[in-house]
Structure formats: structure tokens, C-alpha cells
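# Descriptive structure summary
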Amino acid sequence: AFIGETVFVVLGASGDLAKKKTFPALFTLFRQGHLPSDIHIVGYARTKMTPEEFQTRATSYIKPPKNKEHQAEFETALAGFHKILSYVSGPYDQDSGYQDLEKHLREIESKRAKGEKRNRIFYMALPPSVFTEAAAGLKKNNYSTEGGNRLIVEKPFGKDLESCREMMSALKAEWAESETYRIDHYLGKEMVKNLLVLRFGNIVLDAVLNKNSVSNVQITFKEPFGTEGRGGYFDEFGIIRDVCQNHLLQALSVLTMERPVSFSAEDIRDEKVKVLRAIPPIKPQDTLLGQYVAADGKPGYLDDDTVPKGSTCPTFAALTLFINNPRWEGVPFIMKAGKALNEGKVEIRVQFKDVTSGIFTDIARDELVVRIQPDEAVYLKLNSKLPGLITKAVPTELNLNYSERFTDVEVPQAYEALILDAIKGDRSNFVRDDELDVAWKIFTPILHWIDGVDGGEKPKPEPYAYGSRGPADSAAFSARYGFRRTEEG
Ligand code: BG6
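This structure is a prediction, so every number in the text was calculated from the model and none was measured.

### Structural notes on the pairing of strand β3 (residues 85–89)
Among the 5 residues that make up β3, 4 are buried, leaving the element largely enclosed by the rest of the structure. The sheet contact formed by strand β2 (residues 40–45) and β3 spans 5 bridges and is parallel. Bridged to isoleucine 41 within β3 is leucine 85.

### Digging into the site of the ligand
In the vicinity of the ligand, the residues found are Lys155, His185, Tyr186, Lys189, Phe221, Glu223, Arg230, Asp242, His247, Lys339 and Gln373. Separating an oxygen atom of the ligand from a side-chain N or O atom of lysine 189 is a distance of 2.6 Å. Here an oxygen atom of the ligand sits 2.5 Å away from a polar atom, N or O, in the side chain of aspartate 242. When the ligand sits alone it has 390 Å² of accessible area, and the protein chains cover 79% of it. Classifying every residue of the shell around the ligand gives 2 nonpolar, 3 polar and 6 charged.

### Quick look at empty space enclosed by the protein
Taken as a whole, this structure holds 3 cavities of 30 Å³ or more when the rule is applied. Taken as a whole, the largest cavity spans an internal volume of roughly 150 Å³. Looking at the largest cavity, it is lined by 17 residues, and the ones nearest its centre are Lys155, Phe157, Gln245, Asn246 and Leu436. Elements with a contribution of two residues or more to the lining of the largest cavity: α9 (231–256) and α13 (433–451). Per-element tally for the lining of the largest cavity: the top contributor is α9, with 6 residues.

Criteria and thresholds
Residues numbered from 1 in each chain as written. Predicted model: local features only at pLDDT ≥ 70, side-chain atom pairs only at ≥ 80, totals over all residues. Heavy atoms only, no water. Buried < 20%, exposed > 50% of the residue type's maximum accessible area, 1.4 Å probe, protein only. Helix = DSSP H or I, 4+ residues; strand = E, 2+ residues; numbered from the N terminus. Pairing = 2+ DSSP bridges. Near = heavy atom within 4 Å. Polar contact = N/O pair within 3.5 Å; in protein donor to acceptor, adjacent residues only side chain to side chain. Areas by Shrake-Rupley, 256 points an atom, 1.4 Å probe, with all protein chains shown as cover. Nonpolar A, V, L, I, M, F, W, Y, C, P; charged D, E, K, R; others polar. 1 Å grid on protein atoms, 1.4 Å probe; cavity = no way out; pocket = protein on both sides within 12 Å on 5 of 7 lines; lining within 4 Å. Points joined across faces, edges and corners; volume = space filled by probe spheres on them.

So yeah, pure geometry; function would need other evidence.
What follows is the structure, given as C-alpha cells:
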């Protein structure tokens, strides 16, 4: 961890990510007393703003407490937070902006005791177009020689293996791997972090999580809203780059990796890379693509003015992956992700094999479900005897519902967990360079096929109605890989 003074610089401070995620997370950490006591937070962006305008903007997404008893304490915290915020405006592509930023940082640091370390964390909440320039500008003008430096970056990391490598090597020319923190915010989600404990802290689960017992695994990401307002951005990427190649693959790697030798960041990430390397590239025949159309007064994807006419960009994808290693060989991992669906939910559903012989056959399959959001939960679906004077098995649940079991604990937001990790220097939940590389290897061929990169015709996504469960073939797709629907699946 850094010792001494820390300045946290947020680039892209007037953008959406900073406003919605970064500053609210920093505020919660501040309010809970997790930030170093002498931290200072500096926003940097192109927009010209007074310090007051910036404070208002940076805190506009912070919600007041539900419990009115906490109102006074909240107000005091917010006033305290305003005091540690400041702002510098400038361009991303010219040294002059970074030099102004440097002047400001020195002014803050000059108030500190002599000899104290001057650590700097740079958080880039920036669009990819200025990413490389900003990383270089910071290194040239704002790199602390009197303390440690960290650079936090976030997707998109390129659009395929090649462009990602290009971007990463430009970054590496300036910033060492040990200074670089690549965020995949799903790794900060409580239930994704819980996978490590569930798997390696329970004999009873560890024993069955393998090809002998598991029929198939579904990792599902559903959002009830479309790309409203960010269609232009989305269209360049599509749902696979938006959530599958990163968020869902990260969850899959933690779910399937072998037990790390220790809790150290490198041991954990070594195991994740190992399992990812055992996944061959996804094939077109193991894919189902969809795009939402208008329904019930909600606009279709192509009705969004920011989306190019006739775009074939998928807003829904089902993809099946396989892991060629002794534990998982032959088990289909079905990833499904979509926008504008019937509900908002992210979950992992491990479906076990049938009871094939003996006194109970033709009985529901067991399932282990980890609900990542909303309402974090882990539940195990088991058959049990229906109470009464007959012998009849019914599917039931052993249910660990966070809101019922952990009533006094507030589940932290992903960005809170990750920003704190970055401040502490814990890299376990950040994506390593080789991990990113192998993730792109799995997805690049299918993305090139979808984009018609090699001159082929682009596959047409199946239309599905806004607010529906996805394309009509979605259920049949899962069934093809052995998934058997239970009453709520
Ligand atoms: C982002 C995607 O990375 O993750 C968004 O770009 C998506 O399209 C979001 O909505 C989902 O994150 P969460 O935390 O809301 O599940």
C-alpha cells in the first residue's frame, strides 16, 4: 500500500462513468472512512467549469440516505467531500493541459510535510479515442518522482486481439504492468468475489463442480432497457464486446479455475489464465444473435437516431464455450446476454446431470444458482420428499438470500471495492495483460465473422421484441446443449 499523501486524479471527470460510478464510489469510501485521511481528489476534463460547478456535477448521482436518521451525518460527509475535490480543465492531446494539472498537483502537495511521499493515482474514465494520448501525457508531465504512481484504466481495450495488443503495447511503453490497474467492474461485484469462497471453502461444492456431475452451465446477463442515448457507442462494439468478452468471461474464469496456490494476485490470475487458455475460440455454429425491435411503445434498436441505418449489430447473443481440461471437458458453458429484455438479472446457473437409475428417475435436476444481481443470492435446488403420507419427490430450494441473511451489512458496489483495492495496491481483482490477451483470442474469430471483416456477409441477427425473453430460438439454443428448463429457469 502507499504510505503518505495520495492524490487521486480522475480524467474524464465530466463524463458519464465518472459521474455515475467513480465519484459516488469515492464518496461512499470517504464517508465510511476507507480513504487515506489526507487524500485529495482532482477532476480533469475538457469542459470549463468553476470549482463549484464541478462539485455539483461530481456529486449529482450521489443518493441521500434512505433512513432519514442518517441525513445529518450524510450532509456533513458531503460537505467534507466537497472540500477535498478540485478541478482542472484542459485538452487530452496537448502537453499544456497536463502542465496545468501538474501545477495544481504541486500546489496541493506543497502543503504537505517535507520528505513525505507524494503518491498519485490516475483514473482514466475516458473514451478510447484519447486513451493512449492521455496515458502518455500523464507519464510525461505528471509522473511523481517522489512517490508511487498508479494508472487505472477501463474497457474498451481495443476491438479484437490485434487492436488490443496495439493499445496495450502503447500503454506499456509508458506504464509498467505493476503500475497498471485494468478494471473489469464485474470482478468487484460481491457475488463474483464470493465464487472463490463458495468453490474453495466448501468440500460439498468443490466435489461436484466438474464434468462428472455437471450437465451444463448458463451465465445469463439480462437488462430491461435498450441502448437509449448510447446507441452510437454501442453500435461500434455490440453486446459481445460490451459484456461477454469481459464481464461474463471473468465470472466464468473464477467459476472454473483450479484452486490458486495462495490468495496472492499473481497466483489467482495464473489460474484464471490457465483455464482461459483451455477454451478454444467460439464457433459460429455455437452462436445465436439477436437485435431488439419496437414493441409496446418502446423503440427498436434501429429506431435510435445515433445507430447507423440497417445496422446488424447484435444486442443479444447466446454463445457456447467449452473448456478442454480434465475437470470440464465436454461441459457446455452457455453465455447469454441481451439488452431490452423482460427483466434485469445476472446469474450463474450450474445444472447437474440427471439421476439416471435407481428408485428415482424422471425427477428434476439439481441446480446451483448464484444470483449476481439484483438481490444477491445463492441457492441450491434439490429434490425433497413432499411432506405427507405419500412418497413423492418435489423440487425445493436451500436458499441463501443476502437481504435476509445479512441484514446489517450493506453490500458494497463494485467500483467501491475496486477503487479501494487500487488505493491499497491489491491487484487480485484487476485484469492482467496476458488474461486480456487470451480473452480476446477466444472471441476474436466470432467477432470478425459477425463484423464481416474477412469480406464475408454479416450474419443477420434474429429480431426480438423489446421487453421479451430474447429471440424465439433462445430456449431451443440452450436445450441443444443439454439445458433442461425447470419451472423458473
Ligand atoms: C458495462 C456495459 O460495462 O456494464 C453496459 O458497457 C452495461 O452496457 C454494464 O449496462 C452493466 O453493468 P452492471 O454493473 O449494471 O451490471
